[in-house]
Number of protein chains: 4
Amino acid sequence: MNKVYFASDYQEDQEGMAPEILKNLETANLVPVSGYGTDEFSESARMKIRDAIGRNDAEIHFLAGGTQANAVVISAALREYEGVVAADTGHVALHEAGAIEYTGHKVLTVKGDRGILRADALRETLETFYADGNHDHMVHPGMVYISHPTEYGTLYSKAELTALRRICDAYHLPLYVDGARLAYALACKENDVSLKDLAELADAFYIGGTKCGAILGEAVVILNKKLFPHFFTTVKLHGALLAKGRLAGISFDTLFTDGLYERLGAHALEKAAEIRAALAENNWQVFFETPTNQIFVVVDNDTLRKLDETVVYSFWEPYDESHTVIRFATSWATPDRDVEELIRIIRSMPR
Amino acid sequence: MNKVYFASDYQEDQEGMAPEILKNLETANLVPVSGYGTDEFSESARMKIRDAIGRNDAEIHFLAGGTQANAVVISAALREYEGVVAADTGHVALHEAGAIEYTGHKVLTVKGDRGILRADALRETLETFYADGNHDHMVHPGMVYISHPTEYGTLYSKAELTALRRICDAYHLPLYVDGARLAYALACKENDVSLKDLAELADAFYIGGTKCGAILGEAVVILNKKLFPHFFTTVKLHGALLAKGRLAGISFDTLFTDGLYERLGAHALEKAAEIRAALAENNWQVFFETPTNQIFVVVDNDTLRKLDETVVYSFWEPYDESHTVIRFATSWATPDRDVEELIRIIRSMPR
Amino acid sequence: MNKVYFASDYQEDQEGMAPEILKNLETANLVPVSGYGTDEFSESARMKIRDAIGRNDAEIHFLAGGTQANAVVISAALREYEGVVAADTGHVALHEAGAIEYTGHKVLTVKGDRGILRADALRETLETFYADGNHDHMVHPGMVYISHPTEYGTLYSKAELTALRRICDAYHLPLYVDGARLAYALACKENDVSLKDLAELADAFYIGGTKCGAILGEAVVILNKKLFPHFFTTVKLHGALLAKGRLAGISFDTLFTDGLYERLGAHALEKAAEIRAALAENNWQVFFETPTNQIFVVVDNDTLRKLDETVVYSFWEPYDESHTVIRFATSWATPDRDVEELIRIIRSMPR
Amino acid sequence: MNKVYFASDYQEDQEGMAPEILKNLETANLVPVSGYGTDEFSESARMKIRDAIGRNDAEIHFLAGGTQANAVVISAALREYEGVVAADTGHVALHEAGAIEYTGHKVLTVKGDRGILRADALRETLETFYADGNHDHMVHPGMVYISHPTEYGTLYSKAELTALRRICDAYHLPLYVDGARLAYALACKENDVSLKDLAELADAFYIGGTKCGAILGEAVVILNKKLFPHFFTTVKLHGALLAKGRLAGISFDTLFTDGLYERLGAHALEKAAEIRAALAENNWQVFFETPTNQIFVVVDNDTLRKLDETVVYSFWEPYDESHTVIRFATSWATPDRDVEELIRIIRSMPR
């Protein structure tokens, strides 16, 4: 019997691309275009993204992946003596194999709250740094990194994001938003941060394609262009310039046509809602509430062993001696039948 | 009137992918697989490549592009105090926006001969370095880089490659071969260096996909595994780990099925041969003979202005006050009708 | 009225050099020698250090400072995908302005115990890393860094150091010991780790000169030479090669003649003992016991304001709302009269 | 019989420090001052240098050596996508073990003229770079590096330096001058570039101490402060912050008192003039004329073998099959008696 896959939206169970994108890829296949993101598909995608974010002057570059986008954007913005401030659970702090440090910069961590870098915690960190007369011997904060949704599937409110922005302004720090799973925020009813808000509040952010139905690619959106001169060359020296720019171009051109990007996100959220409802009905314990496509559940270890037979999930962390926190994730491609099967399994093990 | 495109095999006129690959991409689209190159397509591609190169123990990683592959392989192999030796025309020396230096290493250039790093020139460089009693104050040679075909479309003979290997052995230097356009060497009748020879003579090389019909990707083949411990993590920290590994996996799985890789190369070479024949018939001056998909022609500047109206070519270098060297390049995707049109144009301007 | 200085052994109140060294510097001043540490003074110093550590084959390099020595040694030993493991209070983690990260490597912190990296904590960290099936996506531990004495003035016992060594052996990790204040350990009666023990247990360590009476300089002692090939060139590329090698050469040649290094350390410890006795007699609260030249005291904030008038000390951390932890440090150069004055002040404020 | 040493001003025959500096070092030895260059000697040195260069607002940092100063200044000024432009004979291009590349930046070389980067050659390089429409794929010029005197002992005229400055202005490039041997330019009657001129024409330069009589150290003078924010922290992260700042402080405080710096330079030039006169009188062939402390002589190989018995010189390069170019260098410390002996030797071998 096959297991159903809910471990991750990208790692253990990765599908290809949204069918609409595949269709456009086929149509365009033998059309010759120029390389390195200067093609007409990429240009069209840039126009549509600029329209969606309400900033005609934004500079947009398509990179192949999220770790790469983070390393390039962060190191391009920082001076040698600066580090990037992030929640201690931030992707750049924990899950990128030292890619930020490889560019020569320290990640300055602040204790996060379920993945969120709270404005108060950021302010306190910055106040402490500048209060200390001896900070000349320390790494200077040079940029603030957050992700939306966070690595825990939680969301910033617009009010929180605005508060972060004000602190960044007070300390002359650029704000960068990692949107690896942005589709799963934008389609979420609890989310009040629009693309236009991101473009207004961030100095740079990226719109995730790799985890949200694209062939591949992340659209790095630069609002504060003075901070990133000659970003094309910077991308190239990092080995991150995508020769086959058409792949990302066709992806984002299609994702930003007829609301596909939000629709793909919405599918994942609907599926997550069905699973949440089944968990609640059957009295499963949620670890903490998350509004997006990731669901954290506390399971006793006997149940876990039974789940192992039929479901692929992510181990998150031990809860206590006899319980474990696990994660179910849905995605743009989660099949209805898999959700039905997972719900059947949940129902078969009421708490 | 539309121009015909012969400027480059990837930059100004880039097509999508070989139709056989597109077909497999479609079939696999909604098949869930694991990410980061651990998928079944990538695994199948690795098996086929291992078979083709005659080394079952080779470690194979798929990266997104050539500059990236070069930077990751070279910096992974070098110690801090080492640089990479390359012909002064080598891609790593001239055309990578400082990507090698960004990893902290100098490119030690040796005067090349039409793109080729001659064994004698390499030996002399190494002898001079080690003869100098004071080389502790200098960058140590740590790897030898060549490309096959070279940036000039020329080829190493097996004898030359073997001579380079012997020098590398004498100086305990690894040999790395950049095969960005390897298909255009393998399909060439003048070429006597097989994939098996590369696997025997090099410590690492890459099989180019991006410029040879793949969706995207380069297959980095590691023969000397001790030199590259934990290469997966190294790739990730460079931001070079392809989350959507399936794209390269499907590409190389297909390219190494039924000889597609050589067939794609052969198409480019046939088209180049047709153009060469037309040039010869009409007494156009070839700058220097090249056996692969790049053709260098000396054109007087009046002719150049006329060509500009109908053909897109590459400017190579000034020849003298009234002549210019230009390049025509063919590729796996060059349409027959474009070649016919170019030949018509050549015939219309006999020398 | 002049204040007495006990803030630091190097930062706020730094003297020149031990008079014995000054005398030798004068004598040698116009003797021409070769540069870059190849001079006869440096060579003599190396011989004496090799003798003192009981390893005739040790490779010894003199660098100008501690941050530099740490950055060069650590980055020379690590592969790209590796980071250095240190206590969270380690100098490389907190106080080096990102110098380790600048070389491209992450500092992997383990919760320290009063500055000490406990063997159990290290083992647990390593077990967790290797237990996690997915550690290919993480920075690999590549070296263990400790300092002796620690940044808190505490000491490793020989048993603890041996336990760390065994774990390092089990995980094939080199062990590196930062001895910035090593003189203050070697002269300490609570210390049971000799120079010979360090040479036996560490792969590399440095003997601090800058904070211990030298003109300047740290003697980097390499025991595991295979780990550091061509270290001379590595030092140079870091900009750390001291052209005026004679300065460190004369320093260490003198420090390792007639037990000067230990005598300088002993002076600081005697002065610290006198201060400790006065604190105890007058019921001042010690924050935690330290055997070396740093004394941590809990002081109520009213007393602190009075102290401010006559003593320069270091602020360490807040203790509670009305108390503060401060540090007094002695050094090789602390004058007797300053200690007498500090004791007078302590007596004037009994608890 | 002892040989006389004229091989180098720093490498094979390095003396300690000018006696005036030694005297001040002794006087100050037990004076406690603050560390890291914040001491009163360093502050006094800064005031005197500011006075000498006519710029009260200049920021001055003391670093331990020249390679270090170059690496820190250059990498601090460059953005990631930029390289430093230098003559192909420049110290940063050839003699620094890859220290610039280690900071992630390429050295963009321009063919030099006896060590000098000619304004025309610089202009041509920059024009070519910006003329090429495709320079987005190339390393951007980000700073111009020259040395005065050059590595060949030659000098820039004020007119030439001004011409370089104008080109730098036109291309918005900072100009940096390496003054490792600046004393030997300032004291030279052929030199018309004063310290005030350097301060007016350069964005940053350094005044060499290590090769010019200091204990150690180079005074990095920053005129364009916006280009180097938080330079103190930048210095520290490079491991280049001199804890014992007093050493450089006392050196430069003394060097810039009563014209000592120029006097030390003048001594070397007088000794060089005496040697030049003897060479001319005895018809020795000078390779090319140099006005400073380095003399290049063409010697037949028989003579060379005889010289080997009594003189230590530098091998420069082969001249032809039977002749060799060698270098004699004088310094602030060259003893009169050694010059007399060298002259005696020259006279004993008239051409």
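In short, a report on the structure. From a predicted model like this one, the values you see are computed outputs, not experimental measurements.

1. Some words on the overall build of chain A
- Across its full length, chain A holds 14 helices and 13 strands.
- Over its C-alpha trace chain A gives a radius of gyration of 21 Å, about what one expects of a compact globule, namely 20 Å for 351 residues.
- Dimensions along the principal axes, computed over C-alpha positions, put chain A at roughly 60 × 60 × 35 Å.
- Taken over 351 residues, chain A has a buried fraction of 67%.
- About 12,400 Å² of surface is accessible on chain A, with carbon and sulfur atoms providing 49% of the total.
- Taking the average place of the 34 positive charges on the side chains of chain A and the average place of its 51 negative ones, the gap between the two points comes to 3 Å.

2. Some thoughts on the interface of chain B and chain A
- The interface is formed by 45 residues belonging to chain B together with 45 residues belonging to chain A.
- Interface area, chain B with chain A, both sides summed: about 3,900 Å², of which 60% is carbon and sulfur.
- It is Gln14, Tyr102 and Lys244 of chain B in chain B that bury the most area against chain A; as a group they hold 19% of the surface buried on that side.
- In this assembly, chain B and chain A are joined by zero salt bridges.
- Summed over the shared surface of chain B and chain A, the result is 22 residue pairs in polar contact (both at pLDDT 80 or more).
- The set of elements that each furnish at least two residues to the side of chain B that touches chain A consists of helix H1 (19-28), helix H3 (66-77), helix H5 (99-102), helix H10 (231-237) and helix H11 (245-255) of chain B.
- Its residues assigned to classes, the side of chain B that touches chain A comprises 20 nonpolar, 17 polar and eight charged.

3. Comments concerning the side chain of Thr89 of chain C
- Along the chain, Thr89 of chain C falls in the loop between strand S3 (82-87) and helix H4 (91-94).
- Discounting chain neighbours no more than four positions away, the residues touching Thr89 of chain C are Leu94, Gly115, Glu151 and Tyr152 of chain C.

4. Considerations on the relation of the copies chain B and chain A
- Each copy superposes on the other: chain B lies on chain A with an RMSD of 0.0 Å after a rotation of 180 degrees and an axial shift of 0.0 Å. The relationship between the two copies is best expressed as a two-fold rotation axis.
- A high fraction, 100%, of the interface residues of chain B reappear at the interface in chain A, so the copies pair face to face through one surface.

5. Notes on the interface of chain C and chain B
- Listed per partner, the contact involves 20 residues of chain C and 20 residues of chain B.
- Counting each side, the surface lost to burial between chain C and chain B is near 1,900 Å², with a carbon and sulfur contribution of 52%.
- Sorting the residues of chain C by area buried against chain B places Glu80, Tyr81 and His137 of chain C first, and these three jointly supply 34% of that buried surface.
- Summed over the shared surface of chain C and chain B, the result is zero salt bridges.
- Counting the contacts that link chain C with chain B gives 14 residue pairs in polar contact (both at pLDDT 80 or more).
- Every element with two or more residues in the side of chain C that touches chain B is listed here: helix H3 (66-77) and helix H10 (231-237) of chain C.
- The element that contributes the greatest number of residues to the side of chain C that touches chain B is H10 of chain C, accounting for five residues.

6. Quick look at the packing of aromatic side chains
- Taken as a whole, this structure holds 52 aromatic pairs over all chains when the rule is applied.
- With 5.5 Å between their ring centres and 20 degrees between their planes, Phe256 of chain D and Tyr261 of chain D make a pair best called stacked.
- Taking the relative accessible area as the measure of exposure, Phe256 of chain D reaches 15% and is therefore buried.
- Summarising the aromatic geometry, the rings of Phe287 of chain D and Phe288 of chain D are spaced 5.4 Å apart at their centres and angled 50 degrees between planes, so their arrangement reads as tilted.
- A relative accessible area of 26% means that Phe287 of chain D is categorised as partly exposed.
- What makes Phe288 of chain D buried here is its relative accessible area of 6%.
- Within the aromatic cluster, the residues linked to one another by ring pairs are Tyr152, Phe287, Phe288, Phe296, Trp316 and Tyr319 of chain A.
- The cationic tip of Lys236 of chain A hangs over the ring face of Tyr36 of chain A; the distance from NZ or CZ to the ring centre is 5.4 Å.
- The ring of Trp284 of chain A has Arg351 of chain A sitting right over it, with the charged end atom 5.1 Å from the ring centre.

7. A short note on the relation of the copies chain C and chain B
- With an RMSD of 0.0 Å, the operation that places chain C on chain B is a rotation of 180 degrees combined with a shift of 0.0 Å along the axis.
- Here 100% of the contact residues of chain C are again contact residues in chain B; the copies associate through an equivalent surface.

8. Here's the deal with the packing of helix H2 (residues 40-53) of chain B against H11 of chain B
Residue and element names in this part refer to chain B.
- Between H2 and H11, the shortest axis-to-axis distance is 7 Å and the interhelical angle comes to 35 degrees. In this structure, H2 meets H11 at a crossing whose hand is left-handed. Residues Phe41, Ser42, Ser44, Ala45, Lys48 and Ile49 of H2 touch H11, and the partners they reach there are Gly245, Arg246, Gly249, Ile250, Phe252 and Asp253.
- For the contact of H2 with H11, a count of residues per class yields five nonpolar, four polar and three charged.

9. Side note on the sheet that holds strand S4 (residues 107-110) of chain B
All names here are of chain B.
- Ordered in space as S2-S8-S7-S6-S5-S3-S4, the seven strands form an open sheet in which the pairing is mixed. Two strands in the sheet have a free side with no partner beyond their single neighbour: strand S2 (59-63) and S4. Averaged over all pairs of adjacent strands, the angle between their axes in this sheet comes to 25 degrees, without regard to strand direction.
- Alignment of strand S3 (residues 82-87) against S4, held across four bridges, turns out to be parallel. Looking at the pairing, Val85 lines up with Leu108 of S4.

10. Brief notes about the pattern of salt bridges
All names here are of chain A.
- Per the counting criterion, the structure on display carries 83 salt bridges over all chains.
- The residue Arg263 makes a salt bridge to Glu20 at a minimum N-O spacing of 3.8 Å. Highlighted residues: Arg263 in helix H12 (residues 260-281) and Glu20 in helix H1 (residues 19-28), separated in sequence by 243 residues.
- Arg263 gets classed as partly exposed once you look at its relative accessible area, which sits at 45%.

11. A closer look at the side chain of His148 of chain B
All names here are of chain B.
- Checked against the element boundaries, His148 lands in the loop between strand S5 (140-147) and helix H7 (158-170).
- Engagement of the side chain of His148 in a polar contact is seen with the backbone nitrogen of Tyr156, the distance being 3.3 Å.
- Sequence-distant contacts of His148, that is, excluding residues within four places in its chain, are made with Leu155, Tyr156, Val177, Asp178, Gly179, Leu182, Ala185, Asn191 and Val193.

12. Details of unusual backbone geometry
- Going from His148 of chain A to Pro149 of chain A, the amide bond is cis rather than trans, its omega being -5 degrees.
- Mapped onto the elements of the fold, Pro149 of chain A is located in the loop between strand S5 (140-147) and helix H7 (158-170).
- Phi at Ala97 of chain B is positive, roughly 55 degrees, even though this residue is not glycine.
- Among the structural elements, Ala97 of chain B can be located in the loop between helix H4 (91-94) and H5.
- Exposure remark for Ala97 of chain B: the relative accessible area of 3% places this residue in the buried category.

13. Describing the pairing of strand S13 (residues 323-329) of chain B
All names here are of chain B.
- Most of S13 is tucked away, with six of its seven residues classed as buried.
- Examined bridge by bridge, strand S10 (residues 294-300) and S13 share seven bridges and lie antiparallel to one another. Across the sheet, the residue bridging to Val299 is Thr324, located in S13.
- In this structure, strand S12 (residues 314-320) lies alongside S13, joined through five bridges in antiparallel fashion. The residue bridging Asp320 from the neighbouring strand is His323, located in S13.
- Count of turn residues in the S12/S13 antiparallel hairpin: two residues.

14. Examining the sheet that holds S13 of chain B
Residue and element names in this part refer to chain B.
- Pairing within the open sheet is antiparallel, and its four strands lie in the order S9-S10-S13-S12. Each having just a single partner strand, strand S9 (285-286) and S12 make up the two edges of the open sheet.
- Note: S9 against S10, two bridges, orientation antiparallel. The residue of S10 that forms the bridge with Val286 is Val297.

15. Here's the deal with the environment of Ala170 of chain B
- Locating Ala170 of chain B in the fold gives a position in helix H7.
- For the pair Ala170 of chain B and Gly98 of chain B, spaced 72 residues apart in sequence, the C-alpha separation works out to 29 Å.

What counts, and at which threshold
Residues numbered from 1 in each chain as written. Chains lettered and ligands numbered in written order. Predicted model: local features only at pLDDT ≥ 70, side-chain atom pairs only at ≥ 80, totals over all residues. Heavy atoms only, no water. Helix = DSSP H or I, 4+ residues; strand = E, 2+ residues; numbered from the N terminus. Rg over C-alpha atoms; globule rule 2.2 N^0.38 Å. Buried < 20%, exposed > 50% of the residue type's maximum accessible area, 1.4 Å probe, protein only. Areas by Shrake-Rupley, 256 points an atom, 1.4 Å probe, with all protein chains shown as cover. Lys, Arg positive; Asp, Glu negative; His and termini not counted. Charge placed at Lys NZ, Arg CZ, Asp CG, Glu CD. Contact = heavy atoms within 4.5 Å. Buried area = accessible area lost by both parts, 1.4 Å probe. Salt bridge = Lys/Arg side-chain N within 4 Å of Asp/Glu carboxyl O. Polar contact = N/O pair within 3.5 Å; in protein donor to acceptor, adjacent residues only side chain to side chain. Nonpolar A, V, L, I, M, F, W, Y, C, P; charged D, E, K, R; others polar. Least-squares fit on C-alpha atoms with pLDDT ≥ 70 in both. Phe/Tyr/Trp six-rings, centres within 6.5 Å; stacked < 30°, edge-to-face > 60°. Lys NZ or Arg CZ within 6 Å of the ring centre and 35° of its normal. Axes fitted to C-alpha atoms, helices over the stretch in contact; angles between N-to-C directions. Left-handed = near helix turned anticlockwise from the far one by under 90°. Pairing = 2+ DSSP bridges.

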